Amino acid sequence: MSRAEGVIDVEAEAPVASWVLPVLAVVLTAGMLGYLQVASLDSIEQRVLVPDAILDATIQHINLVVASTLLVIVIAVPLGILLSRRRARWLGAPVLALANAGQAIPSIGVLVLLAILVGVGFSMAVVALVIYALLPVLRNTMVGLQQVDRSLIDAGRGMGMSARQVLTTIELPLAVPVMLAGIRVALILNVGVAALATYTNAGGLGTFIESGIVFNRMPILLTGSVLTIALALIVDWLAGLAENKLRPRGL
Amino acid sequence: MSDSFGSTALRLDSASPPNDVMIKLEGLRKRYPGQSTDSVRPLDMEIRRGEFVVFVGPSGCGKTTTLRMINRLVEPTSGQIWIDGRDVTHTDPDELRRHIGYVIQQVGLIPHLTISQNVGLVPKLLGWDKKRIEPRVDELLDLVGLDPAQYRRRYPKQLSGGQQQRVGVARALAADPPVMVMDEPFGAIDPITRERLQDEFLKLQQRIRKTIVFVTHDIDEALKLGDRIAIFGESSQLAQFATPLEILSHPADDYVRSFVGTGAAIRRLGLLRVGDLEGAGGGAGAGPALRVPPETTVYAALEQMLDAGAARLAVDGEPGAERSLSLQEMLAAAARGRQVPS
Ligand SMILES: Nc1ncnc2c1ncn2[C@@H]1O[C@H](COP(=O)(O)OP(=O)(O)OP(=O)(O)O)[C@@H](O)[C@H]1O
Ligand SMILES: [Mg+2]
């Protein structure tokens, strides 16, 4: 939709200091890198903190987050839509309770349990992340659809839209902001939980946190945690941008 | 402006013989699931083509339920619905609704669609192409008194409540449906704007001549708008179904009388036009006369006479057809008066 002149801009809201997050991430990372430059690293630290290894771990971490979040969306959004249809509404509460339980279990528990039951590796870590982050997306999809004004649905049906047309032209677009908020929460959760994936041999920035603890080396520990934090900030920032972009106009 | 609101556009069944009855309800009944009584007890009603029928009645008497059975947003428990000679009780409801305009109190404009997209919804559902929808949308916005250039690209929340309901009416008219059902369309609008919308809508109806079923619980709105008024009692039982004048002059029973409230005789004067008053021809009588056009209501004329201290009324007309009435003659004529043809 192009914008005509003289049309009042509906999205007049100011981007709430959207630069704070990326700036903070950059400052943190730069500070940490500067510290590594000036600090005199011992042999263990030098062996662990190879630039290539840091880059690899970061990419692994991002892969874990992206893969698990995509899977969460693919599972939770259609499920949420299905559960909010009139005929399946009675199933909503029990499914939500189940998803709730998934999130209530400590993430490290899910990871270890899955590692014991099914094995270790990247895909197992993804499965654990999906179980963990399913709830916010599922719940927000359902809530997002439920909060759509009934009179709009009535108007749609009254004009002769089929149930499917009402879903696609009225309900889903109006649920998008709430659904996006859920996806954003899932993303942030996943950045944090993916730091534990190291315990199932799936790599990621958690590797540095783990070896930092094992070897009792502050620079290694610092690298792992600062990069995880910076990544979370960047992801949150990007998700916020996407949220603004994808929100339907006119709301 | 537009004259495409003919009766030609959308006959639901062109094969049926021309029929003066547009909507016919036969033994229409509704009991909601889990209820022990009928919300609408078997109801029979005939609504003529081009007629403006208003349902009034106390809250919970089943006006909305009856209305929503006509476009099958509520499925009747039993009974039949005929529209334009065709039994639509079991036809595809989505298709049916595309040919019945629907206006509700909450308006229900889709907030993320522009005004023009909202108005174009039903034509789009009917598969019109874009080239046909665009001019149609502009025509309709014009018709309801909104400048297309100014409003078509706006979003609903950039309009006032009154403007939104104009768009709601335009949207319902978009595909030129022969029938419109309206559930308290002006109910949430401030009194001054409501009056304006009522006046405009009456004028509009004089041009487009839709068959309209209109729900309200405001008896004054019903008297002002309806060709005929259905006064509902408990469970949609018809207490009286008649013209406003008939209801004011001959209420069927005490229930109707109490529903209409006090001042029936005075209110009737608002339904009569001075041009329709019988009696008294030419001759000028004594005292200063107040000159008014024939479409003035007796109510408004009396008001002006009181204001001006005039004891006679001069009604404009063709040269030679002007008439003059004394206060006495006016009241006598009003007591016998006919209804204003609408
Ligand atoms: N979905 C429903 N399920 C059960 N009962 C219902 C339902 N909708 C309406 N009713 C009942 O049916 C009766 C008629 O309701 P309806 O909404 O038709 O009344 P109404 O005349 O439009 O009232 P109002 O003037 O308040 O809008 C009421 O007693 C109401 O409680
Ligand atoms: Mg109602």
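Residues numbered from 1 in each chain as written. Chains lettered and ligands numbered in written order. Predicted model: local features only at pLDDT ≥ 70, side-chain atom pairs only at ≥ 80, totals over all residues. Heavy atoms only, no water.

## Overview of the sheet that holds strand 5 (residues 86-87) of chain B
All names here are of chain B. In spatial order, the strands read 2-1-4-5; together these 4 strands make up an open sheet with antiparallel pairing. Both edges of this open sheet fall to strand 2 (40-48) and strand 5, since each of them pairs with a single strand only. Of the pairings in the sheet, the one linking strand 1 (residues 21-30) to strand 4 (residues 78-83) comprises 5 bridges and is antiparallel in character. Looking at strand 4, one finds that Arg29 is bridged to Ser78. Of the strands in this sheet, strand 1, strand 2 and strand 4 touch helix 1 (residues 63-70), which is tilted by about 120° from strand 1. (Pairing = 2+ DSSP bridges. Helix = DSSP H or I, 4+ residues; strand = E, 2+ residues; numbered from the N terminus. Contact = heavy atoms within 4.5 Å. Axes fitted to C-alpha atoms, helices over the stretch in contact; angles between N-to-C directions.)

## Focus on the confidence of the model for chain B
Residue and element names in this part refer to chain B. On average, residues of chain B score 89 in pLDDT, and 90% of them are at 70 or above. In the predicted structure, residues 1-17 sits below a pLDDT of 50 and forms 33 contacts with residues beyond four places in sequence or in another chain. Confidence estimates for the predicted assembly give a pTM of 0.85 and an ipTM of 0.82. (pLDDT = per-residue confidence, 0-100.)

## Focus on helix 7 (residues 161-173) of chain B
Residue and element names in this part refer to chain B. Look at helix 7: 19 Å from first C-alpha to last across 13 residues, which is about the 18 Å you get at 1.5 Å a residue. Of all 13 residues making up helix 7, 11 are buried, and the element is well covered by its neighbours. Among all positions in helix 7, only Gly162, Gln163, Gln165, Arg166, Val167, Gly168, Val169, Ala170, Arg171, Ala172 and Leu173 are buried. (Expected span 1.5 Å × (residues − 1). Buried < 20%, exposed > 50% of the residue type's maximum accessible area, 1.4 Å probe, protein only.)

## A look at the packing of helix 8 (residues 163-194) of chain A against helix 10 (residues 218-246) of chain A
All names here are of chain A. Running from amino to carboxyl end, helix 8 crosses helix 10 at an angle of 170°, the nearest separation of the two axes being 9 Å. In terms of their interaxial angle, helix 8 and helix 10 are classed as roughly antiparallel. Contact residues: Val176, Leu180, Ala181, Arg184, Leu187, Ile188 and Val191 in helix 8; Thr228, Leu231, Ala232, Val235, Asp236, Ala239, Gly240, Ala242, Glu243 and Leu246 in helix 10. (Parallel < 35°, antiparallel > 145°, perpendicular 65-115°, else oblique.)

## Brief notes about the interface of chain A and chain B
Of the residues lining the interface, 26 residues belong to chain A; the matching set on chain B comes to 26 residues. Counting each side, the surface lost to burial between chain A and chain B is near 2,300 Å², with a carbon and sulfur contribution of 61%. Interface area lost by chain A to chain B is led by Asp154, Gly158 and Met159 of chain A, which between them contribute 24%. Counting every contact that joins chain A to chain B gives 2 salt bridges. A salt bridge links Arg68 of chain B to Asp154 of chain A; the shortest N-O distance between them is 2.6 Å. Scanning the region where chain A abuts chain B turns up 8 residue pairs in polar contact (both at pLDDT 80 or more). Elements with a minimum of two residues in the side of chain A that touches chain B: helix 7 (150-158) and helix 8 of chain A. Per element, the largest residue contribution to the side of chain A that touches chain B is 6 residues, and it comes from helix 7 of chain A. (Buried area = accessible area lost by both parts, 1.4 Å probe. Salt bridge = Lys/Arg side-chain N within 4 Å of Asp/Glu carboxyl O. Polar contact = N/O pair within 3.5 Å; in protein donor to acceptor, adjacent residues only side chain to side chain.)

## Things to note about the confidence of the model for chain A
All names here are of chain A. On average, residues of chain A score 89 in pLDDT, and 93% of them are at 70 or above. Ranking the elements of chain A by mean pLDDT puts helix 5 (residues 107-118) last with 83 and helix 7 first with 97. Throughout residues 1-14 the model reports pLDDT below 50, and contacts reaching past four residues in sequence, or to other chains, amount to 22 contacts.

## Considerations on the environment of Pro288 of chain B
Residues and elements named next belong to chain B. Along the chain, the position of Pro288 falls in the loop between helix 12 (264-269) and strand 11 (289-292). With relative accessibility at 56%, the residue Pro288 sits in the exposed group. Pro288 sits 22 residues away from Ala310 along the chain, and the two C-alpha atoms are 5.7 Å apart. Here Pro288 is in contact with Ala310, Ala311 and Arg312, once residues within four sequence places are set aside.

## A short note on unusual backbone geometry
Residues and elements named next belong to chain B. With a phi angle near 65°, Val107 is a residue other than glycine that sits in the positive phi range. As for its position among the elements, Val107 is in the loop between strand 6 (100-104) and helix 3 (115-119). Taking relative accessible area as the criterion, Val107 reaches 9% and is therefore assigned buried. Although it is not a glycine, Arg209 adopts a positive phi angle of roughly 50°. For Arg209, a relative accessible area of 41% corresponds to the partly exposed category.

## Remarks on the site of ligand 1
Residues and elements named next belong to chain B. Around ligand 1, the surrounding shell consists of Tyr32, Gln35, Ser39, Ser59, Gly60, Cys61, Gly62, Lys63, Thr64, Thr65, Glu184 and His217. Here an oxygen atom of ligand 1 and a side-chain polar atom of Thr65 are 2.5 Å apart. The fraction of the free accessible surface of ligand 1 (640 Å²) that becomes covered by protein chains is 60%. Among the residues making up the shell around ligand 1, the classes are represented as 2 nonpolar, 8 polar and 2 charged. (Near = heavy atom within 4 Å. Areas by Shrake-Rupley, 256 points an atom, 1.4 Å probe, with all protein chains shown as cover. Nonpolar A, V, L, I, M, F, W, Y, C, P; charged D, E, K, R; others polar.)

## Description of the sheet that holds strand 12 (residues 312-315) of chain B
Residue and element names in this part refer to chain B. Taken together, the 3 strands give an open sheet; going across it, the order is 11-12-13, and neighbouring strands pair in mixed fashion. Of all the strands in the sheet, just strand 11 and strand 13 (323-326) have a single pairing partner and so form its edges. Averaged over all adjacent pairs, the angle separating strand axes in this sheet is 25°, with direction ignored. Summarising the sheet, strand 11 and strand 12 pair through 4 bridges and their orientation is parallel. Residue Val292 lies in a different strand from strand 12, and its bridge partner there is Val315.

## Section: helix 4 (residues 89-104) of chain A
Residue and element names in this part refer to chain A. The first and last C-alpha atoms of helix 4 sit 23 Å apart over 16 residues, in line with the 22 Å expected at 1.5 Å per residue. All of the buried residues in helix 4 are Gly92, Ala99 and Gly102. Projected down its long axis, helix 4 shows its buried positions confined to an angular sector of 85°, all on one face. Seen from the open side of helix 4, the exposed residues pointing more than 90 degrees away from its buried face are Trp90, Ala93, Leu98 and Ala104. Here the buried face of helix 4 lies against helix 3 (51-83), helix 5 and helix 6 (122-146). (Arc of directions from axis to C-beta.)

## Side note on the pattern of salt bridges
Close approach of charged atoms lets side chains of opposite charge pair. If you walk through the whole model with that rule in mind, you get 26 salt bridges over all chains. Asp254 of chain B is paired through a salt bridge with Arg257 of chain B; the nearest N and O atoms lie 2.4 Å apart. Here Asp254 of chain B and its partner Arg257 of chain B are both found in helix 11 (residues 254-260), 3 residues apart, which amounts to about one turn of the helix. Among the residues examined, Asp254 of chain B registers a relative accessible area of 56% and is labelled exposed. A single network of salt bridges, built from pairs that share partners, joins Asp42, Glu45 and Arg217 of chain A.

## Focus on the nonpolar core
Formed by 79 residues in total, the largest nonpolar core has its most connected members in Val119, Phe201, Ile231, Leu313 and Met330 of chain B. Not counting the four nearest positions on each side in its chain, Met330 of chain B is found in contact with Leu277, Val298, Ala301, Leu302, Met305, Leu313 and Leu325 of chain B. Counting residues in hydrophobic clusters, the runner-up holds 47 residues, among them Val65, Ala125, Ala186 and Ala194 of chain A. (Core = buried A, V, L, I, M, F, W, Y, C linked by side-chain atoms within 4.5 Å.)

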